[in-house]
Amino acid sequence: MTDEDDGRGGTADESDHDRGLPPEDLQYPEFVFEAGEVGPDGSFDLAADLDREELREWIEDLAGGLASHDVAVESPEGYVTLGVAPEGVSTSFDPDESGVGAFEFTVEMRAKAMFVADDPDGEKVGARGGKGFVPIEMLTGESEAEEFRCYNWMGDSTDGD
């Protein structure tokens, strides 16, 4: 990149971070489960028993993935990379007579399967695989640009940039 004016009042180098996170802040967590399947469409219903430290790490990883708009889920039977956006949160606590019960904290995200594989040891596409990806719908104009917020900084694929 050059230091030429980028059309937004700054140089290209200065404004790159306006478009997304700086490279050092990008996080692409992979949540690995010991059992279960990832379906051909990227669907899954998986669970893991985690100790306190493991759960803390997963929550930190999830926060990083939310900031970077990308997480992956892996099981012995498949792999899926998801583009994610926040939706909401719900929580519940139903104690018994002694005041002890299950505390549930559920984070809800809108997601799109960006890459699905039935072999988690195979080549991975996306941020982790080093291949990168741009949703085909963005390139073909089949969807509105607002649906691809993470990619909107890119120029039109036909303008030669």
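This text follows the structure it describes.
Residues numbered from 1 in each chain as written. Predicted model: local features only at pLDDT ≥ 70, side-chain atom pairs only at ≥ 80, totals over all residues. Heavy atoms only, no water.

Thoughts on the environment of Leu62
And step 1. Topologically, Leu62 is positioned in helix α2 (residues 52-68).
And step 2. By relative accessible area, Leu62 is classed as partly exposed at 26%. (Helix = DSSP H or I, 4+ residues; strand = E, 2+ residues; numbered from the N terminus. Buried < 20%, exposed > 50% of the residue type's maximum accessible area, 1.4 Å probe, protein only.)

As for the pairing of strand β3 (residues 78-93)
And step 1. With six bridges connecting them, strand β2 (residues 70-75) and β3 associate as antiparallel partners. Looking at the pairing, Val71 lines up with Leu82 of β3.
And step 2. Taken together, β2 and the strand that follows it, β3, pair antiparallel across an intervening segment of two residues.
And step 3. Of the strand pairs in this sheet, β3 and strand β4 (residues 103-117) are connected by 14 bridges, and their pairing is antiparallel. Bridge pairing links Ser92 to Glu104 in β4. (Pairing = 2+ DSSP bridges.)

Comments concerning α2
And step 1. In this model α2 runs 24 Å from its N-terminal to its C-terminal C-alpha over 17 residues, within 8% of the 24 Å that 1.5 Å per residue would give.
And step 2. For α2, the set of buried residues is Gly64, Gly65 and Ser68. Down the axis of α2, the buried set is contained in an arc of 100 degrees. They therefore lie on one face. Turned more than 90 degrees away from the buried face of α2, the exposed residues are Arg52 and Ile59.
And step 3. Buried residues along α2 sit in contact with β2 and β3.
And step 4. Here α2 starts with a cap whose side-chain oxygen sits 3.2 Å from the backbone nitrogen of Glu53, and that cap is Asp51.
And step 5. Following α2 by one or two positions, His69 adopts a phi angle in the positive range, close to 65 degrees. (Expected span 1.5 Å × (residues − 1). Arc of directions from axis to C-beta. Contact = heavy atoms within 4.5 Å. Polar contact = N/O pair within 3.5 Å; in protein donor to acceptor, adjacent residues only side chain to side chain.)

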